Amino acid sequence: MVSEVEKSIKVLSERYRGRLRLSNCYDYDNQGNKIPFLEFAGACCPICGRDHYCMINAKGTRVICTKVPNDGKRRLNGWVYEINGEKPIAFNEKVAAKQRPKTNQQAPAQTIDMLYRIVLSMRPLSAKHRQDLLDRGLSAERIDNYAGHPGFGSFLTDSTYWKKKQYHDMQLGFNKAENDEVVFKSRWNYLFQHLNLAEDSWKGVPGFYLKESQIRTYNKQGEKVVSKGAAPYFGNKTEGLMVPYYNEKNQMVGFQVRVDHIGTQVKVLRYPDKKYWVEIEADGDTNEYTVRVSGPGFDSEEGTVIEQGHFNDGEEITVNFEMGLQKVTFEIKKGGKYFWISSANKKEGASWTTPVQVAYNPKITQLEADDPVLKRYIEKPKAVWLTEGGLKALVAVDNLAKNFSEEELNVYGRDVLAVAGVSSYRKFFDKLKALHVSSVTTAYDMDFKSNPQVKENYKSLIRELLKQGYKVRIAYWSKEKGLDDALVNKSEFRFKDIK
């Protein structure tokens, strides 16, 4: 049965030429009914034309654009636009609510941290990822031991585990009762039992959910039957480096995956005659593309390569063939480098909000959540750095002492806070209060000077910091884009006090 949301996604995906996905955010109609927002994930926002970051409600009547400002108030990190001239999509919220997977309220940070420590022990860091982190400027000590556990992990998909013939979360076992009922279990069931944890310890922990599966067995009469069931699972569809996010108590509260291979999406804007078949391959890591053609005059079964080249993200490319009589026009867009491990829209998944990275200096990092020394440090007035990117913050805090004296660190800060993206700057303020911060050093990527969206959010952050009474200074450096690279390369810094 096709759900209400799926019907809406299908119509809007066709309307806006690409993929949409269900978000955790809601809009409201005139009667106060909740309407889910859908994230642009390949489909193009009708306001700014981008295929990511923005959202549209499931009726197709309202867009939140995170790039193009208007005179209205901001909402959900963007500006609200009413979509006029398009027929609203019929949407039965009561039916949709019943069809939406049941999710669990987010578990306490202590529970999330405990489960995530187990996850890291089951997802050891690969040699390649470890070398990547060393090359980025992280110390071996920081990589191997962060707050009493491995600092990072490597995530592999189920298919890779099967190829390597290794155990993974859904290495299902099953018990057959006298009534032929099959009870499904994953690796997690046995692990919880071995550790004397409750069977439902995973509920409410982001990334965990019930994954459904099936197995063919025979009943007592010798008849083949298909048994279906579900078991706890921790998963993600993308392979890469697992980057933990920490709160002010050194507890892990989230995971991002830095992908090993950046995905691409190819949109054909103009096709040649139907007698020709065109295949376009694009590599998001190298920005290289290949165009193959099959049809009259092209004998290769795999298609004849007619062009190879490099592309820029979102660039429109036209390739001519058959002496210019035929042409194909297309654009290639790259996917993101980072993805959250989330289960918000999964069966028995966990609701959550994206966390702020709290990257403490090495002396504080090793303290447990209930350590009185950590409590006193939290309550002490302090200066901190603010930037974007969880991994960037971890690299930066590991290199601050290599660039500044003790006296300078007292002024600029020894710890780094980071949000996942520039538009999420409002998330800083609760953490600043929790950490008793009195002074901040802002250190966004240097492209804020040329990127209008980053510049606008940066200005908004600084205005709000001043409004709330913080002492603010902006850090500048010369060549490198990000704070982490500038510190690793010992770039020359200068600071400007803002009043």
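Residues numbered from 1 in each chain as written. Predicted model: local features only at pLDDT ≥ 70, side-chain atom pairs only at ≥ 80, totals over all residues. Heavy atoms only, no water.

> Which parts of the structure should I look at to understand the overall build of the protein chain?
For the protein chain, the helix and strand inventory stands at 14 helices and 28 strands. For 499 residues, the compact-globule estimate of 2.2 N^0.38 gives 23 Å, and the C-alpha radius of gyration of the protein chain, at 25 Å, lies within 12% of that figure. Structurally, the protein chain occupies a C-alpha span of about 70 × 70 × 55 Å along its principal axes. A buried classification covers 48% of the 499 residues belonging to the protein chain. (Helix = DSSP H or I, 4+ residues; strand = E, 2+ residues; numbered from the N terminus. Rg over C-alpha atoms; globule rule 2.2 N^0.38 Å. Buried < 20%, exposed > 50% of the residue type's maximum accessible area, 1.4 Å probe, protein only.)

> Looking at this model, I keep getting lost on the pattern of salt bridges. Mind explaining?
Close approach of charged atoms lets side chains of opposite charge pair. As enumerated under the stated definition, the model contains 15 salt bridges in all. When the shortest N-O distance is used, the salt bridge between Arg136 and Asp484 registers 2.5 Å. One end of the pair, Arg136, is in helix α4 (residues 127–136); the other, Asp484, is in helix α14 (residues 483–488), and 348 residues separate them in sequence. Because the salt bridges share partners, they merge into one network encompassing Asp27, Arg62 and Glu82. (Salt bridge = Lys/Arg side-chain N within 4 Å of Asp/Glu carboxyl O.)

> Which parts of the structure should I look at to understand helix α3 (residues 109–122)?
Taking 1.5 Å as the rise per residue, α3 with 14 residues should run 20 Å; its terminal C-alpha atoms sit 20 Å apart, in good agreement. Of all the residues in α3, the buried ones are Ile112, Asp113, Leu115, Tyr116, Ile118, Val119, Leu120 and Met122. (Expected span 1.5 Å × (residues − 1).)

> So what exactly am I meant to see when it comes to the environment of Ala107 here?
With respect to the helices and strands, the residue Ala107 is situated in the loop between β7 (103–104) and α3. Accessibility expressed as a relative area gives 12% for Ala107, which makes it buried. Between the C-alpha atoms of Ala107 and Ala350, which are 243 residues apart in sequence, the distance is 8.0 Å. Other than its neighbours up to four places away in sequence, Ala107 contacts Ile112, Lys203, Gly204 and Val205. (Contact = heavy atoms within 4.5 Å.)

> How should I be thinking about the packing of aromatic side chains in this particular structure?
A ring pair, where both rings are aromatic, is described by two values, the distance of the centres and the angle of the planes. By the definition in use, this model includes 26 aromatic pairs. Each ring, one from Tyr412 and one from Phe495, has its centre 3.9 Å from the other, and the planes form 20 degrees; the classification is stacked. Remark: Phe495 occurs in strand β28 (residues 494–498) and Tyr412 occurs in helix α11 (residues 406–412); sequence separation between them is 83 residues. Among the aromatic residues, those joined into a cluster by ring pairs are Tyr116, Trp188, Phe192, Phe208, Phe234 and Phe255. One cation-aromatic arrangement involves Lys346 over Tyr209; the distance from NZ or CZ to the ring centre is 5.5 Å. (Phe/Tyr/Trp six-rings, centres within 6.5 Å; stacked < 30°, edge-to-face > 60°. Lys NZ or Arg CZ within 6 Å of the ring centre and 35° of its normal.)

> How do you make sense of the nonpolar core when you look at a structure like this?
Soluble globular proteins: nonpolar side chains tend toward being buried together. With 84 residues, the main nonpolar core has Phe234, Trp385, Phe428 and Leu432 as its most contacted residues. The greatest single-element share of this core, amounting to seven residues, is contributed by α3. Membership of the second largest hydrophobic core comes to 17 residues, among which are Leu12, Cys65, Tyr81 and Ile83. (Core = buried A, V, L, I, M, F, W, Y, C linked by side-chain atoms within 4.5 Å.)

> Just to check I follow, could you spell out the environment of Gly335 for this structure?
Structurally, Gly335 can be placed in the loop between β20 (326–334) and β21 (338–340). The exposure class assigned to Gly335 is partly exposed, which follows from its relative accessible area of 36%. Placed 70 residues apart in sequence, Gly335 and Gln265 show a C-alpha to C-alpha distance of 7.5 Å. When sequence neighbours within four positions are dropped, the list of residues in contact with Gly335 reads Ile262 and Gly263.

> Please clarify how the sheet that holds β20 should be interpreted in this entry.
Hydrogen bonds along the backbone pair up the strands of a sheet, which may run parallel or antiparallel. Reading across the sheet, the three strands line up as β15-β20-β19 and stay open at both edges, with antiparallel pairing between neighbours. Every interior strand has two partners, whereas the edge strands, β15 (264–270) and β19 (316–321), have only one. Averaged over all pairs of adjacent strands, the angle between their axes in this sheet comes to 30 degrees, without regard to strand direction. Direction of pairing for β19 relative to β20: antiparallel, over a ladder of six bridges. Pairing of Val319 across the sheet is with Val328, part of β20. (Pairing = 2+ DSSP bridges. Axes fitted to C-alpha atoms, helices over the stretch in contact; angles between N-to-C directions.)

> Please explain the side chain of Lys333 as it appears in this structure.
Along the chain, Lys333 turns up in strand β20. Setting aside its immediate chain neighbours within four residues, Lys333 contacts Cys44, Gly49, Asp51, Gly263, Thr264, Gln265, Asp313 and Gly314.

> What's the story with the packing of α3 against helix α7 (residues 187–194) in this structure? I'm lost.
Two numbers describe a pair of packed helices, the interaxial angle and the distance between the axes. The interhelical angle for the contact between α3 and α7, taken along N-to-C directions, is 120 degrees, at an axis separation of 13 Å. Pair α3 / α7 crosses with right-handed handedness. Touching Leu115, Ile118, Val119 and Met122 of α3 are Arg187, Trp188, Leu191 and Phe192, all from α7. The residue makeup of the contact of α3 with α7, split by class, is seven nonpolar, no polar and one charged. (Left-handed = near helix turned anticlockwise from the far one by under 90°. Nonpolar A, V, L, I, M, F, W, Y, C, P; charged D, E, K, R; others polar.)

> Whenever I open this one, the pairing of strand β25 (residues 415–419) confuses me. Can you help?
The two faces of a sheet get side chains in turn, since along a regular strand they alternate between them. Counting buried positions along β25 yields five of five residues, so the element is predominantly enclosed. Side chains of β25 alternate between two faces, with Asp415, Leu417 and Val419 and Val416 and Ala418 buried alike. Relative to β25, strand β23 (residues 357–359) runs antiparallel, the two sharing three bridges. Across the sheet, residue Ala359 finds its bridge partner in β25, namely Val416.

> Just to check I follow, could you spell out unusual backbone geometry for this structure?
Residues other than glycine predominantly adopt negative phi, and peptide bonds predominantly adopt the trans conformation. We note that Asn196 has phi near 60 degrees; this positive angle belongs to a residue other than glycine. The residue Asn196 is located in the loop between α7 and β11 (208–218) in this model. The class for Asn196 is exposed, based on a relative accessible area of 70%.

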